[in-house]
Amino acid sequence: MDFRKLIESWPVYRQLTGTDKLGRGRAAQSERSLTLTPRTADADEIAHSVCPFCAVGCAQKVYVKDGKVTQIEGNPDSPISRGRLCPKGSASKQLVTGPQRLTKVRYRAPYATQWRELDLDTAMHMVADRVLDARDKGWQQFDADRNTLRRTMGIASLGGATLDNEENYLIKKLFTALGALQIENQARI
């Protein structure tokens, strides 16, 4: 490559001598950048979602190719976040595709030293049985003056910031229907 071609390939030279004086367009592009395509260009579909990390509700675009999530970005059409995501929201693809994500139900019995895998139906029945048992053991129908209470002191709920608004709403309804009084969320504390 001769010296003249080398100088002309420099972005600052193109910026100073061309029409792109601010260096935001053609002057800043290299030959390589002209051939690049976005990671999202070959997506089969785009699903609209909400970031699961806090109660703000930043909208996301989830790009899917061959049934797998390939990219998650902020949705610029959202009046809440206008296409921006915080660092946690930007990393939300890891929730779905990360190798550390458990995809099977694991259970360790009391006093056991090993985990074992359970099918989902068995695990759900175990959780339901334990919730109802704790509810019944802590149930208070009346107080000392025979005032009707219909509540349980045997269960409580503490929601977290990784739950979205819809999940927290459903948890609140569930625990209220079960008779629980202690229903709180980490985002409110």
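Residues numbered from 1 in each chain as written. Predicted model: local features only at pLDDT ≥ 70, side-chain atom pairs only at ≥ 80, totals over all residues. Heavy atoms only, no water.

In the nomenclature of an unreviewed UniProt entry, the protein is known as Dehydrogenase of Mycolicibacterium wolinskyi. Reading the Subcellular location (unreviewed entry) entry of the UniProt record for the protein gives the comment "Cell envelope". Quoted straight from UniProt, the Cofactor (unreviewed entry) entry for the protein says "[4Fe-4S] cluster". (UniProt positions renumbered as here; feature names shortened; annotations may be inferred.)

(A) Structural view of the environment of Gly159. Relative to the helices and strands, Gly159 resides in strand E7 (residues 148–159). Between the C-alpha atom of Gly159 and that of Trp10, which follows or precedes it by 149 residues, the distance is 54 Å. Apart from residues lying up to four places away in sequence, Gly159 is in contact with Asn168, Glu184, Asn185 and Gln186. (Helix = DSSP H or I, 4+ residues; strand = E, 2+ residues; numbered from the N terminus. Contact = heavy atoms within 4.5 Å.)

(B) Highlighting the sheet that holds strand E2 (residues 59–65). If you walk across this open sheet you meet the three strands as E1-E2-E3, and the pairing is antiparallel. Edge strands, defined here as strands with exactly one partner in the open sheet, are strand E1 (45–50) and strand E3 (68–74). Taken pair by pair, the neighbouring strands of this sheet meet at an average axis angle of 30°, ignoring direction. Both E2 and E3 contribute to a ladder of six bridges, which runs antiparallel. In the sheet register, Tyr63 faces E3, and the bridge partner there is Gln71. (Pairing = 2+ DSSP bridges. Axes fitted to C-alpha atoms, helices over the stretch in contact; angles between N-to-C directions.)

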